[in-house]
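Below are the chains, spelled out letter by letter.
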Amino acid sequence: MSAFTASRGIRHGAAWKHCLAIALMAVLAWLMFPDQLPFLSRIAIMAILVLSLDLVVGFGGLATLGHAALYGVGAYAAGILATRYTGDPLAGLMVGALMGAFTAGISGLLLLRYEGFTFLMLTVAVAQIVQNLASKLRDLTGGDDGLSGFSIQRLLGFRFDMQGQTGYVYAVVMLLACYWFARRVTDSPFGLSVQGIHQSRARMRALGTRIPMQLWKLYTFSGLLAGLAGALSAQTNAIVGLDSLGFELSAEILVMLILGGSGRLYGALIGTVIFMVLHHTAASINPYHWLFVIGGMLMLVVLVPREKIVGWRMARRKKAAA
């Protein structure tokens, strides 16, 4: 057995352990907060979206502030399908994911020609264009009023209830599937090549790697996950608005990723939980100044290196053991 094969086996085992841990925490959250299932579903959906962002930012090294466009396109696609054709949840999920991937693939042909600040600004421009189109195509998207009033059919015989039980299980299962699939992609030779591009484009170019094509594949896959998250949001909430395409959402999910740590996948989940719980708690206490809490935590994460925190904890453990 080669070292690479053994390493892949270890990483795949870790992916299953992570999925098991996520499932156990999801069950525990249900048992502890049975009356907060819609909020917990929202956390699971946002975790998928931040997970897709981590692929682009943490693994591909592509800074973006327009990722919400891929999410919003998936949400609108699922909403339009339910409004005009069928409310089948699996069909809506597939259409939303495909539209997210399609939008990422088409926009990526332009965006990935550029790097750094230019790429960042172009992602914002693409998101603004998509949001403006959604606002103008009122007959299709509902314009500023958005889409609402559509119904989703039963999922494998289970009805989407007001308590949010079906929606929660649906969102958690999709989160587990997306995490496992994303982990398999990042641990594959393709994923390792993308990480190599992030570390040194010049080196990977010298090795003959087709950098634009590899990044385009990654960006398209990220769009698929983001579109799937958008479709989930549309189906569990039965409403889609222009805010799903907005700059504010793109900025918020980037903050979530920074809080949890990029380039590790599970950091996306941790950051999402921290941000959403703090948002929910602090906003209920003071709806006008809750961003001070998030801003303080963000400054702490950015200004204090992770290595320093780990070293401080290890020093305390040695002191306690002595």
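Residues numbered from 1 in each chain as written. Predicted model: local features only at pLDDT ≥ 70, side-chain atom pairs only at ≥ 80, totals over all residues. Heavy atoms only, no water.

Participant: Help me get a handle on helix α5 (residues 116–136), residues and values and all.
Facilitator: Here α5 contains 21 residues, and its C-alpha end-to-end distance of 31 Å stays within 8% of the 30 Å for a straight helix at 1.5 Å per residue. Those residues of α5 not exposed but buried are Phe119, Leu120, Thr123, Val124, Ala127, Val130, Gln131 and Ala134. Taken around the axis of α5, the buried residues stretch over an arc of 140°, which confines them to a single face. In α5, the exposed positions that point more than 90 degrees away from the buried face belong to Phe117, Ile129 and Lys136. If you follow the buried residues of α5, they end up packed against α3 (68–84), α4 (89–111), α6 (138–141) and α11 (247–260). (Helix = DSSP H or I, 4+ residues; strand = E, 2+ residues; numbered from the N terminus. Expected span 1.5 Å × (residues − 1). Buried < 20%, exposed > 50% of the residue type's maximum accessible area, 1.4 Å probe, protein only. Arc of directions from axis to C-beta. Contact = heavy atoms within 4.5 Å.)

Participant: Can you explain the environment of isoleucine 22? Please cite residues and give values.
Facilitator: Mapped onto the secondary structure, isoleucine 22 falls in helix α1 (residues 3–32). Isoleucine 22 sits 244 residues away from tyrosine 266 along the chain, and the two C-alpha atoms are 9.5 Å apart. Each residue touching isoleucine 22, except ones within four places of it in the same chain, is listed here: Leu175, Leu176, Tyr179 and Leu269.

Participant: Which residues make up the environment of leucine 224, and what values do they have?
Facilitator: Relative to the helices and strands, leucine 224 is located in helix α10 (residues 211–237). In this structure leucine 224 touches Ala97, Gly100 and Ala101, once residues within four positions along its chain are discounted.

Participant: How would you sum up the packing of aromatic side chains? Please name residues and give values.
Facilitator: Two descriptors summarise a pair of aromatic rings, namely the distance from one centre to the other and the angle between the planes of the rings. Counted under the stated rule, the structure contains four aromatic pairs. Arranged with centres 6.5 Å apart and planes meeting at 75°, the rings of phenylalanine 119 and tyrosine 219 form a pair that is edge-to-face. Here tyrosine 219 lies in helix α10 and phenylalanine 119 lies in helix α5, a separation of 100 residues in the sequence. Tyrosine 219 shares its class with phenylalanine 119; the two are buried. (Phe/Tyr/Trp six-rings, centres within 6.5 Å; stacked < 30°, edge-to-face > 60°.)

Participant: Outline the nonpolar core, supporting the account with residue identities and numerical values.
Facilitator: In globular proteins that are soluble, nonpolar side chains generally tend to be buried together. Ile48, Leu49, Leu55, Leu228 and Leu232 are the most contacted members of the largest nonpolar core, which has 86 residues in total. At 17 residues, helix α2 (residues 37–59) tops the list of elements feeding residues into this core. Discounting residues that sit within four places of it in the chain, leucine 232 has contacts with Ile45, Ile48, Leu93, Tyr170, Ala171 and Met174. (Core = buried A, V, L, I, M, F, W, Y, C linked by side-chain atoms within 4.5 Å.)

Participant: Break down α4 for me, with residues and values.
Facilitator: With 23 residues, α4 extends 32 Å between its outermost C-alpha atoms, agreeing within 8% with the 33 Å of an ideal straight helix rising 1.5 Å per residue. At the N-terminal end of α4, a side-chain oxygen is found 3.4 Å from the backbone nitrogen of leucine 90, two or three residues along, and the residue is aspartate 88. (Polar contact = N/O pair within 3.5 Å; in protein donor to acceptor, adjacent residues only side chain to side chain.)

Participant: So what's going on with a nonpolar patch on the surface? Residues and values would help.
Facilitator: On the surface, Met99, Phe102, Ile106 and Leu109 cluster together to form a nonpolar patch covering roughly 390 Å² of accessible area. The topology assignment puts phenylalanine 102 in helix α4. (Patch = residues over 30% accessible without salt bridge, like charges linked within 9 Å, V, L, I, M, F, W, Y side chains within 5 Å. Areas by Shrake-Rupley, 256 points an atom, 1.4 Å probe, with all protein chains shown as cover. Salt bridge = Lys/Arg side-chain N within 4 Å of Asp/Glu carboxyl O.)

Participant: Before we move on, could you go through the side chain of threonine 103 and cite the residues and values that matter?
Facilitator: Here threonine 103 lies in helix α4. In terms of polar contacts, threonine 103 uses its side chain to reach the backbone carbonyl oxygen of methionine 99, at 2.8 Å. Discounting residues that sit within four places of it in the chain, threonine 103 has contacts with Leu70 and Val73.

Participant: Let's hear about the pattern of salt bridges: which residues, and what values?
Facilitator: Per the counting criterion, the structure on display carries two salt bridges. Here arginine 201 ties to glutamate 115 by a salt bridge, and the two come within 3.2 Å at their closest N and O atoms. You can see arginine 201 sitting in helix α9 (residues 201–206) and its partner glutamate 115 sitting in the loop between α4 and α5, a full 86 residues away along the chain. Measuring nitrogen to oxygen at the nearest pair gives 2.7 Å for the salt bridge that ties arginine 138 to aspartate 145. Accessibility expressed as a relative area gives 45% for arginine 138, which makes it partly exposed. Aspartate 145 gets classed as exposed once you look at its relative accessible area, which sits at 57%.

Participant: Report on the environment of threonine 103, specifying residues and quantitative values.
Facilitator: In this structure threonine 103 comes out as buried when scored by relative accessible area, which is 14%. In sequence terms threonine 103 and valine 130 are 27 residues apart; their C-alpha atoms lie 9.6 Å from each other.

Participant: Outline the packing of α3 against α4, listing residues and values.
Facilitator: Orientation of α3 relative to α4, taken along the N-to-C sense of each, is 140°, at an axis distance of 8 Å. Crossing of α3 against α4: the hand is right-handed. Residues Leu70, Val73, Gly74, Ala77, Ala78 and Leu81 of α3 lie in contact with α4, whose contacting residues are Ala91, Gly92, Val95, Gly96, Met99, Gly100, Thr103 and Ala104. Tallied by class, the residues present in the contact of α3 with α4 amount to nine nonpolar, five polar and no charged. (Axes fitted to C-alpha atoms, helices over the stretch in contact; angles between N-to-C directions. Left-handed = near helix turned anticlockwise from the far one by under 90°. Nonpolar A, V, L, I, M, F, W, Y, C, P; charged D, E, K, R; others polar.)

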